[in-house]
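# Breakdown of the fold
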Amino acid sequence: MPTPNEGDEVKCLYCGEVHKLAKLEAALGVFVCPTCKVSTQYTDKGWTRAVWTDGRTLEELCNRCGHCCYEKLRCNGRVYIFMRNACPYLGKDLEGKAECSCYESRLKNQSGCISLYEAIKSCILPITCGYRVMFPSDYVPPKRVNSLKDLHI
Ligand code: SF4
Ligand code: SF4
Ligand SMILES: [Zn+2]
């Protein structure tokens, strides 16, 4: 079964319209129909599984908890997030939600900042992350800790 590519034409399973696949959608294997807003996931059987149906775009799945913007350490096959060590670009908006002060250039500005696709692949998103609907079944979420003392190694 070929993997999806940017620009592929995908027929929505729900409204039947055909749309071109965006780059992020191709990388994640998720197609958000711009007409009916139902999202389907690419599996080994093709575009089959509805993952969310409430009309949110990929970006809107993020609940802006900011937990992916803290220092991470991989140890004995497990990822740990250090909740005391935030990225210097991490701030809060007026509603208290996490906000990146260099969002457009974040991947250039901050070496520890990675794309959503890489973040899912490398298991650095917590189980409370809004993207969890796309986690593979063998996903091991990171543990949130405050200091090195909290690592059970
Ligand atoms: S640069 Fe990356 S890690 Fe830092 S706040 Fe922005 S999105 Fe988060
Ligand atoms: S952990 Fe997930 S929900 Fe929280 S800010 Fe990061 S991407 Fe968004
Ligand atoms: Zn549709």
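No experiment lies behind these values; they were computed from the predicted model shown. (Residues numbered from 1 in each chain as written. Chains lettered and ligands numbered in written order. Predicted model: local features only at pLDDT ≥ 70, side-chain atom pairs only at ≥ 80, totals over all residues.)

## Some thoughts on the overall build of the protein chain
Selection criterion: Per the convention used, a helix needs a DSSP run of H or I reaching at least four residues, while a strand needs a run of E reaching at least two, with both numbered from the N terminus. To sort residues by exposure, count the other C-beta atoms lying within 10 Å of each residue's C-beta; 20 or more gives buried, 12 or fewer gives exposed, and values between give partly exposed, all with C-beta atoms placed from the backbone. Think of it this way: build a C-beta for each residue from its backbone, and any pair within 7 Å is a contact.
A tally of regular secondary structure across the protein chain gives 3 helices and 10 strands. Helices (α) and strands (β) of the protein chain occur, in sequence order from the N terminus, as β-β-α-β-β-β-β-β-β-β-α-α-β. The principal-axis extent of the C-alpha atoms belonging to the protein chain is close to 55 × 35 × 25 Å. Evaluated residue by residue, the protein chain yields a buried proportion of 16% over its 153 residues. A fraction of 38% describes how many contacts in the protein chain between residues 6 or more apart in sequence connect residues 24 or more apart.

## Quick notes on the site of ligand 1
Applied cut-off: Here, nearness is defined through the C-beta atom: a residue counts as near a molecule or strand if that backbone-placed atom lies within 6 Å of it. We call Asp, Glu, Lys and Arg charged. Ala, Val, Leu, Ile, Met, Phe, Trp, Tyr, Cys and Pro are nonpolar, and the rest, Gly among them, are polar.
Taken together, the neighbourhood of ligand 1 is formed by C69, C87, Y89, L90, C100, C102, R106, N109, Q110 and C113. In terms of residue class, the shell around ligand 1 is built from 7 nonpolar, 2 polar and 1 charged.

## Observations regarding the site of ligand 2
Near ligand 2 you find 13 residues, and of these C62, C65, C68, C129 and G130 are the closest. Looking at the shell around ligand 2 residue by residue, the classes come out as 8 nonpolar, 4 polar and 1 charged.

## Some remarks on the nonpolar core
Condition: Note on terminology: a nonpolar core is a set of buried residues of type Ala, Val, Leu, Ile, Met, Phe, Trp, Tyr or Cys, with members joined through C-beta atoms within 7 Å. An automatic or database domain assignment supplies the start and end points of every domain.
The biggest cluster of nonpolar side chains holds 18 residues, and the ones touching the most others in it are V30, F31, V32, C33, C68, L125 and M134. Only α1 (23–28), β3 (30–32) and β7 (78–86) provide two or more residues apiece to this core. If you tally residues by element for this core, the top one is β3, at 3 residues. Counting only domains with at least three residues in this core, you end up with domain 1 (9–55) and domain 2 (62–150). Each residue touching L125, except ones within four places of it in the same chain, is listed here: C68, A119, I120 and Y131.

## Observations regarding unusual backbone geometry
Even without glycine at this site, K37 takes up a positive phi of about 70°. Along the chain, the position of K37 falls in the loop between β3 and β4 (39–43). Look at K37 and you get partly exposed, because 16 C-beta atoms sit within 10 Å. With a phi angle near 55°, C123 is a residue other than glycine that sits in the positive phi range. If you trace the backbone, C123 turns up in the loop between α3 (116–121) and β10 (143–145). Owing to 19 C-beta atoms within 10 Å, C123 belongs among the partly exposed residues under this scheme.

## Some thoughts on the confidence of the model for the protein chain
Worth spelling out the cut-off: Think of pLDDT as the predictor's per-residue confidence, scored from 0 to 100.
Of the residues in the protein chain, 98% reach a pLDDT of 70 or more, and the chain-wide mean stands at 89. Mean pLDDT across the elements of the protein chain bottoms out in α3 (84) and peaks in strand β8 (residues 90–92) (97).

## Notes on the domain arrangement of the protein chain
Here the protein chain is described as being made up of domain 1 (9–55) and domain 2 (62–150). Each of domain 1 and domain 2 was reduced to a C-alpha centroid, and the two centroids are 25 Å apart. Counting residues at the interface gives 6 residues for domain 1, matched by 4 residues for domain 2. Here the residues of the side of domain 1 that touches domain 2 are counted per class, giving 5 nonpolar, 1 polar and no charged.

## Focus on the pairing of strand β5 (residues 46–52)
In summary, the side chains of a regular strand alternate between the two faces of the sheet. Counted only if it meets this: In this analysis, strands are considered paired if DSSP registers two or more bridges between them.
Bridge count between β4 and β5: 5 bridges; the pairing is antiparallel. Along β5, the bridge assignment pairs T43 with G46.

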